[in-house]
Amino acid sequence: MEIARLVLEYLKVMAWPMVVTTLLVAYRSRVAGMLSKLSGLTAGGFSATFDSSVAEATALNSSDESTNSSFSPSVEELTVLVPTSYVEAREIGDHVRAGNPVLLDLQHLADEDAKRLVDFAAGLAYVSSGWLRKVRNRIFLVMPGHLHHGMSVSSSNPVQEPS
């Protein structure tokens, strides 16, 4: 009886978000049309006015992406490192500090050292305003900040957790 009550409570709490999500997905083109005409918003004492429409902002964003899309680091600039111990962390830092992207292959490294190097690389990425991405199991790409501005990052978090 407790389980049935728990399931009912869960359904009661989750019902409205599921209905709203379903409606937004079903009517997304109409919602997008209405949002493109939105010029201001007032709710609960909060007020916001938009200087440009969503269509104008989208046009600006696409023009920014087209100017940045011509930039991409060449393969010649990419440094591939296969460290065998944590002692080689300084070499990774030297390459990132020089502004070169680094591909780290940690497959031949002990688990403890691999974790330490990923942590070190995450710190390098953070300090340089760049990012660290897992490419494959135990292979990571460290991208310095001056290079990543013209490239898309899949999430707002510049560092992915290792697994």
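Computed from a prediction, not measured in an experiment: that's the story for all the values here.

S.K.: Tell me about the packing of helix α4 (residues 89–97) against helix α5 (residues 111–127), and name the residues and values.
M.R.: Axis separation between α4 and α5 bottoms out at 10 Å; the angle between their running directions is 20°. In terms of orientation, α4 lies roughly parallel with respect to α5. The two elements α4 and α5 cross, and the hand of that crossing is right-handed. From α4, Ala89, Ile92, Gly93 and Val96 reach across to α5, where they touch Leu117, Phe120 and Leu124.

S.K.: Talk me through a nonpolar patch on the surface; I want residue IDs and the actual numbers.
M.R.: On the surface, a cluster of nonpolar side chains totalling about 550 Å² of accessible area is made up of Ile3, Val7, Leu8, Tyr10 and Leu11. In this structure, Val7 sits in helix α1 (residues 2–26).

S.K.: An account of α5 is needed here, citing residue identities and associated values.
M.R.: In a regular helix each residue adds 1.5 Å, so 17 residues correspond to 24 Å; α5 covers 24 Å between its end C-alpha atoms and thus fits that length. Buried within α5 are the following residues: Ala114, Leu117, Val118, Ala121, Ala122, Leu124 and Ala125. The arc that holds every buried residue of α5, seen down its axis, measures 160°, which confines them to one face. Facing away from the buried side of α5, by more than 90 degrees, are the exposed residues Glu112, Lys115, Asp119, Tyr126 and Val127. In this structure, the buried side of α5 is in contact with α4, β4 (102–105), β5 (131–136) and β6 (139–143). One or two residues past the end of α5 sits Ser129, with phi positive at roughly 60°.

S.K.: Break down unusual backbone geometry for me, with residues and values.
M.R.: Despite not being glycine, Ser129 has its phi angle at roughly 60°, a positive value. Among the structural elements, Ser129 can be located in the loop between α5 and β5. The exposure class of Ser129 is partly exposed, given its relative accessible area of 45%. Phi at Arg138 takes a positive value of approximately 65°, unusual for a residue other than glycine. Among the structural elements, Arg138 can be located in the loop between β5 and β6.

Calculation rules
- Residues numbered from 1 in each chain as written.
- Predicted model: local features only at pLDDT ≥ 70, side-chain atom pairs only at ≥ 80, totals over all residues.
- Heavy atoms only, no water.
- Axes fitted to C-alpha atoms, helices over the stretch in contact; angles between N-to-C directions.
- Helix = DSSP H or I, 4+ residues; strand = E, 2+ residues; numbered from the N terminus.
- Parallel < 35°, antiparallel > 145°, perpendicular 65-115°, else oblique.
- Left-handed = near helix turned anticlockwise from the far one by under 90°.
- Contact = heavy atoms within 4.5 Å.
- Patch = residues over 30% accessible without salt bridge, like charges linked within 9 Å, V, L, I, M, F, W, Y side chains within 5 Å.
- Areas by Shrake-Rupley, 256 points an atom, 1.4 Å probe, with all protein chains shown as cover.
- Salt bridge = Lys/Arg side-chain N within 4 Å of Asp/Glu carboxyl O.
- Expected span 1.5 Å × (residues − 1).
- Buried < 20%, exposed > 50% of the residue type's maximum accessible area, 1.4 Å probe, protein only.
- Arc of directions from axis to C-beta.

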